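# Summary of structural features
Listed here are the chains, written in short residue letters.
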2 protein chains.
Amino acid sequence: MNRRDVLKGIGSGAVLSGIAPQSYGLAAAEQQTNFTAWELVAPGIWKSTIGRPEANSPVRSRRIAPDLDGLGKLVRVNTAPLEGPTGSVTSRGVELQLKLAPGELMYGFGLQMLSFQQQNKKRTIRVNADPKVDSGDSHAPVPFYVTTHGYGVLVDTFRHATFYCGEIHARPVEPKTSHTQEINSPQTVRERQGPGPVMVEVPRAAGVDVYLFAGPQMRQAVQRYNLFAGGGVLPPEWGLGFWYRAEMHLDAQQVLALAKSLRQDDIPCDVLGLEPGWQSHAYSCTFAWDKQRFPDPAGFVKAAQQLGYHVNLWEHAFTDPASPIFPELVPYSGNFGVWNGLVPDFPGEPARRIFGGYHGRELVDIGISGFKLDECDNSDFTNGWSFPDNSSFPSGVDGEVMHGEFGLRYQDTILDQFKQRGQSTYGLVRSSHALATPYPFVLYSDLYDHREFIRALVNSGFSGLLWCPEVRDARDEEDLIRRLQSVIFSPLAMVNAWYIRNPPWMQIDRDKNNQDQFSEGWEHLRDRCREIISWRMRLLPYLQAAFAEYEESGMPPFRALVMDYPNDPMIQDVDDEYMMGDRLLIAPLFAGEPERKVVLPEGEWQDFWTGAVVSGRTQTIPAAMNAIPVFIKAGSLMPWADVAPHAQSPEARRITVRVYGDGDIRWSSPTKVGGLRLRWDSLTGRGNSAQSSAKVRRFEIASWQKIG
Amino acid sequence: MNRRDVLKGIGSGAVLSGIAPQSYGLAAAEQQTNFTAWELVAPGIWKSTIGRPEANSPVRSRRIAPDLDGLGKLVRVNTAPLEGPTGSVTSRGVELQLKLAPGELMYGFGLQMLSFQQQNKKRTIRVNADPKVDSGDSHAPVPFYVTTHGYGVLVDTFRHATFYCGEIHARPVEPKTSHTQEINSPQTVRERQGPGPVMVEVPRAAGVDVYLFAGPQMRQAVQRYNLFAGGGVLPPEWGLGFWYRAEMHLDAQQVLALAKSLRQDDIPCDVLGLEPGWQSHAYSCTFAWDKQRFPDPAGFVKAAQQLGYHVNLWEHAFTDPASPIFPELVPYSGNFGVWNGLVPDFPGEPARRIFGGYHGRELVDIGISGFKLDECDNSDFTNGWSFPDNSSFPSGVDGEVMHGEFGLRYQDTILDQFKQRGQSTYGLVRSSHALATPYPFVLYSDLYDHREFIRALVNSGFSGLLWCPEVRDARDEEDLIRRLQSVIFSPLAMVNAWYIRNPPWMQIDRDKNNQDQFSEGWEHLRDRCREIISWRMRLLPYLQAAFAEYEESGMPPFRALVMDYPNDPMIQDVDDEYMMGDRLLIAPLFAGEPERKVVLPEGEWQDFWTGAVVSGRTQTIPAAMNAIPVFIKAGSLMPWADVAPHAQSPEARRITVRVYGDGDIRWSSPTKVGGLRLRWDSLTGRGNSAQSSAKVRRFEIASWQKIG
């Protein structure tokens, strides 16, 4: 099929410009009272429609085009791997059913923190900053799932869709149970029934599109989804370095003093984050500098840059009446306010232009590298946290749709400014949704359970999301070490010290930290943290290669083991280990646990740190403070950079090639190391240059090192 | 206003028959695009309507008539105490706003387990058996609240209405915040704003009625709501005795042996409950006896009656294909099944007739005294627990409405059978909703947190609900004692031993209990439990009087202190103490707590047990195992029955009058003791007969006793 055919199915040609019109596609189509047959809309991607879908949905109001070239390179699948949906439009909205086979397992639904495998659960796709129970709520929920049968399904809506994942059944028509003296539990009665269909209710919608993504395996279904979204992010190099967010009351001089002290302490760091105190009127948002703390913003940013830092600014979107953009935004805002601020109508172009234009002129143009977009989610529990679902906005969306779309269009608003300037950015955002794959923003949360943070990381890869299990405070030294070790192996390595004046390694106790009372012998803890942070700098080439692969092929750089090994029953419930790139398996440790069990997929594995060959599918690893369990596919080559103070420093491009086993990597070209093209001369290694596959980034090979 | 005028406002005259037609009222009324002005529909009760309300709502599909006589006796209020609602009907449903004043506090919303005062919270009124977070969900949620300004509001819907209780705000129009060096938190920004209105969204509805209940104080607003619902329950005497539910596998002989052993051990008991094992095919429901365990059901019931017991049967409504009524019910059931059973369409008359008729003929007619209606709620977490919200039913309701209405109409289905036979019943139900006041069913739950159980009891009285904090197992002896002491002071005093073969006082450990391994010296614990259970029998006359008051005047027999003392800031957050009847204040103890703080309302109080006069508004009471803190209004008379083995035994009508202080009760007629009319001769007491005010129940006064 040609490009024109492809785009006909998923929207107008305008999508090719990279900025699609706000609403396109089936706007004028006939209303369907039943689901249409699957229609091929892109290689291996089918669509089925019922009724009159809404203009604002992940696909229909998308603003980044699909990566059709990337899709064209995936394995060809000619037949839809699932029967089309059945369903109807009622006064309640749309209801639809999709087949589910016995034994078929389901994953996805966005940044789920509380569960992993989803078959037999009820999931409500609702943006919620406080997903305290396992209901499907998340600050980045996605109405997309993949199954062990090798396909994915996207129900294209921002509404609070409910997915009954094989747990409901039609009314029985004949006796099936036989009388036993045993008294069955509800659970056993259900198990005897087997799975029902996947049933989805999309509330209030008069129609919806359903998209089917072929595999043949789960990972290709995810790749297809990601390329359909526009392809993965390739962050700027500095974005993959180490980040540190300063305490919110610090002024320009204090932040710069902190920045210098990190350099003096040899703590690598690329990004300094400022929290609410940079703004006047915080916690309301004016987007104007607090002139007492930051009398010369441009000078401050330049001074930070001279120290090798990028500066990232916290904000939320709820615009205070004292903001310079408030008067102009009023006509383009919702009818409810949040914290005495207005809610910009980001799905509409005017709000993006006014809000984004100001950010571009006043902040990007003085050198701000990116933003942390806070509070753009919702909550049932923290009163008045956001606008109600029945809000109305000038663009025509209601509060329910807006909660789904708000984070995405907020990212667009900011990203557009960098794109217009030909600059790259990498930032943080607290809400996202479907088709977020190409956005250079990483999710984070006010929650703080370490195990949930890791589960979120494991789940994020199913839905085109990036997640930062940030380090804030810690219960004790071990907790600090464990969290730091985890965040190093994540999309964004950050300590968020917004409420402690000094780095956590100087004093874990929050009150004492803020009184500048440091722990005795804190330098020892700092040295351990420095060692861990240095791993991040050493991993930079490998991480860049993994993200380049994400951009090229849609393969998530961080993903659950089951995505690569979908048919292995030992793997299907593993929610505390994950793949980083194509050959590293990470198994975080949690404070207070003296050991941990690690399940390894089939194939040969070596200990990453020692090179020791591992035998057996399960390992019980005693907890050691100096490292966490990391495994590498046996026979791998692995680039390992020198430790640079920041990613722009030349050390960051000087690598040692770690050679595991015979270095004869059997699952890929021997000239490719984690997506990085290497020239090399012999099995034991002697080479001199390398470059990443997606962008020309040249590395100098300083040495080859046999591990183990 | 006369009776005809009153009924015109709230439905047709058919309501007077006690069985209203399924849908009446404004069925043919004009559609309103704005809320109508308050219309007086009963003394002190106003209604306002928008759009075209649904036929199935708590008021419009009610099946029990308002108690107009009772309403006529309340204090007269001529002016609506609140401005009428404003709002609109949109494609989302109905949204409406009601005023809320600064400092005005809100209570109610049904059986809330996780919070008490509701102003500044978001509440979603959704039936949920697992209300794990404080979102408003409950297995008995009620869209009714009362405030400290002395009125109540009912939004008449079964849908998942969301109440934003003063926590949302309109978009700001001008600067209000001034710049400070302090960085405000979201909380401080909100606090500066003050409360917003109460905003309610009723999803999917094309119209709704809102009812306003005048006080002038909160307690009269609750009374008015309860009388509007039909007035409070007066349970049969045996229902207020002690209940014991037997382990589910026991057969007829084993249950009777257990019943005899309770008598032998002098444990008072009125009701024996059977759990799933009485039925064939459990856990599916056939409503047919398991002929192996219970070969002669009528004989079993008769044998139990001869021992002085009533028999109560567990069931749920999801009718298995093996049930005799399955074929006839199929056309009157929903399109989804639950646990291989059908879901009867209880809002429709045919399902009630078929389902109820069978229960009457087969079970009530052999002497069954009542039922425990299980599983009629819903859950997001226990997969496939119930039918989905988008179910459809022959009566025209969808699954969402059905979840609100199901528990009520299930109670009607059963209650009708007893009414037709002129019999009274008292049972248990796991879901209820608005206007449940006149139903002789007490709520219970699979949850088991003791403090939440007490909070539920405290909250229940705001919404016409009864709640049983049942005793199942216990962590240790103290936990057992504390739970038993609580349940004695509740609407239904029950040990639910459905998973332990022997009474918990014989062995607390579940496994050992089921292996008949008893604790050493268990008899001592039994004796302590017997002493506590005996309180229940002693309280019978007082409880009957409290319930008679409930029936007559709508005053809840169990209620939060704030209902009687709404303007006392020390009382407004007290969620672990409650009034039982008009003069007892109960302050439960929780296991593991060495003492508890008790806040007393204004007025003079005496220790119930010792008569000691209490001074000071707050008391710190050290935990004693033999009792929990109970206080009585100083100067009270209090009937205290002899301990009977069951309520039909003559001891239950023989009372000692406990005289506190001078016995000169100052807030009521001296001839009335807790609603019980007593003839008495002198201050120190000498009388000889008494009868309850509502029904002719005669008591013999055996003695008068000065306490303290």
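Residues numbered from 1 in each chain as written. Chains lettered and ligands numbered in written order. Predicted model: local features only at pLDDT ≥ 70, side-chain atom pairs only at ≥ 80, totals over all residues.

## Examining the relation of the copies chain B and chain A
- It takes a turn of 180° to lay chain B on chain A, together with a shift of 0.0 Å along the axis; the resulting RMSD is 0.0 Å. Read as a symmetry element, the transformation amounts to a two-fold axis.
- Both copies share a contact surface, since 100% of the interface residues of chain B are interface residues in chain A too. (Least-squares fit on C-alpha atoms with pLDDT ≥ 70 in both. Contact = placed C-beta atoms within 7 Å.)

## Considering the packing of helix 11 (residues 477–488) of chain A against helix 13 (residues 522–553) of chain A
Residues and elements named next belong to chain A.
- Closest axis-to-axis distance for the helix 11/helix 13 pair is 9 Å, and the angle between their directions is 15°. Of the possible angle classes, the one that applies to helix 11 and helix 13 is roughly parallel. For helix 11 against helix 13, the interelement crossing comes out right-handed. Residue-level contacts link E477, I481, L484, Q485 and I488 of helix 11 to L525, R528, C529, I532, I533, W535 and R536 of helix 13.
- For the contact of helix 11 with helix 13, a count of residues per class yields eight nonpolar, one polar and three charged. (Axes fitted to C-alpha atoms, helices over the stretch in contact; angles between N-to-C directions. Helix = DSSP H or I, 4+ residues; strand = E, 2+ residues; numbered from the N terminus. Parallel < 35°, antiparallel > 145°, perpendicular 65-115°, else oblique. Left-handed = near helix turned anticlockwise from the far one by under 90°. Nonpolar A, V, L, I, M, F, W, Y, C, P; charged D, E, K, R; others polar.)

## So, the domain arrangement of chain A
Residue and element names in this part refer to chain A.
- Here chain A is partitioned into domain 1 (3–169 + 191–229) and domain 2 (237–545).
- A straight line from the C-alpha centre of domain 1 to that of domain 2 covers 30 Å.
- Listed as interface residues are 35 residues of domain 1 and, on the opposing side, 39 residues of domain 2.
- The leading source of residues in the side of domain 1 that touches domain 2 is strand 7 (residues 141–147), at five residues. (Domains from an automatic or database assignment.)

## Here's the deal with unusual backbone geometry
- Here the bond from G215(A) into P216(A) is cis, since omega is 25°, no more than 30 degrees from zero.
- Its identity is not glycine, yet F287(A) carries a phi of approximately 65°, on the positive side.
- Counting through the fold element by element, F287(A) comes out in the loop between strand 14 (271–274) and helix 6 (297–306).
- For N340(B), which is not glycine, the phi torsion reads 60° and is therefore positive.
- Structurally, N340(B) is set in the loop between strand 16 (336–337) and helix 8 (349–362).
- Taking the C-beta count within 10 Å as the criterion, N340(B) has 24 such neighbours and is therefore assigned buried. (Buried ≥ 20, exposed ≤ 12 C-beta atoms within 10 Å, placed from the backbone.)

## Regarding the interface of chain B and chain A
- Contact with chain B, which involves 63 residues of that partner, is made by 63 residues of chain A.
- Elements represented by at least two residues in the side of chain B that touches chain A include exactly strand 10 (169–170), helix 3 (186–193), strand 11 (198–203) and strand 16 of chain B.
- For the side of chain B that touches chain A, the leading source of residues is helix 3 of chain B, giving four residues.

## Overview of the nonpolar core
- One finds L443(A) and L443(B) to be the most contacted residues of the largest nonpolar core, which totals 420 residues.
- In this structure, L443(B) is in contact with L111(B), H139(B), A140(B), V429(B), R430(B), S432(B), L465(B), L466(B), W467(B) and C468(B), ignoring residues within four places of it in sequence. (Core = buried A, V, L, I, M, F, W, Y, C linked by C-beta atoms within 7 Å.)

## Details of the pairing of strand 14 (residues 271–274) of chain B
Residue and element names in this part refer to chain B.
- Burial along strand 14 is two-sided: the residues V271 and G273 and L272 and L274 are all buried.
- By the bridge criterion, three bridges tie strand 13 (residues 242–245) to strand 14 in an arrangement that is parallel. Residue pairing in the sheet places Y244 in a bridge with L272 of strand 14.
- With helix 5 (residues 252–264) bridging strand 13 and its parallel neighbour strand 14, the resulting β-α-β unit is right-handed.
- Here four bridges tie strand 14 to strand 15 (residues 310–315), and the two strands are oriented parallel to one another. Within strand 15, the position partnered with L274 by the bridge is L313. (Pairing = 2+ DSSP bridges. Right-handed = clockwise from strand over helix to strand, strands pointing away.)

## As for the sheet that holds strand 16 (residues 333–338) of chain A
- Across the sheet, which stays open at both edges, the three strands sit in the order 17(A)-16(A)-10(B) with antiparallel pairing between neighbours. Looking along the sheet, the strands with just one partner apiece sit at the ends: strand 17 (341–344) of chain A together with strand 10 of chain B.
- Taken together, the three bridges between strand 16 of chain A and strand 17 of chain A define a ladder with antiparallel strand orientation. Bridge pairing links G337(A) to L342(A) in strand 17 of chain A.

## Observations concerning the pairing of strand 30 (residues 654–660) of chain B
Residue and element names in this part refer to chain B.
- The buried fraction of strand 30 is high, at five of seven residues.
- Across five bridges, strand 29 (residues 637–641) lies against strand 30 in antiparallel orientation. Bridging across to strand 30, L637 finds its partner in V659.

## What about the sheet that holds strand 3 (residues 86–90) of chain A?
Residue and element names in this part refer to chain A.
- With antiparallel pairing, the five strands of this open sheet are ordered in space as 3-4-11-9-6. For this open sheet the edge positions go to strand 3 and strand 6 (122–124), each flanked by a neighbour on one side alone. Mean inter-strand twist for the sheet, computed between neighbouring axes without regard to direction, equals 10°.
- Sheet analysis places strand 4 (residues 93–98) next to strand 11 (residues 198–203), joined by six bridges and oriented antiparallel. Pairing of G93 across the sheet is with P203, part of strand 11.

## Overview of the environment of A259(A)
All names here are of chain A.
- Within the secondary structure, A259 sits in helix 5 (residues 252–264).
- Residue classification places A259 among the buried positions, given that 21 C-beta atoms sit within 10 Å.
- In sequence terms A259 and V41 are 218 residues apart; their C-alpha atoms lie 51 Å from each other.

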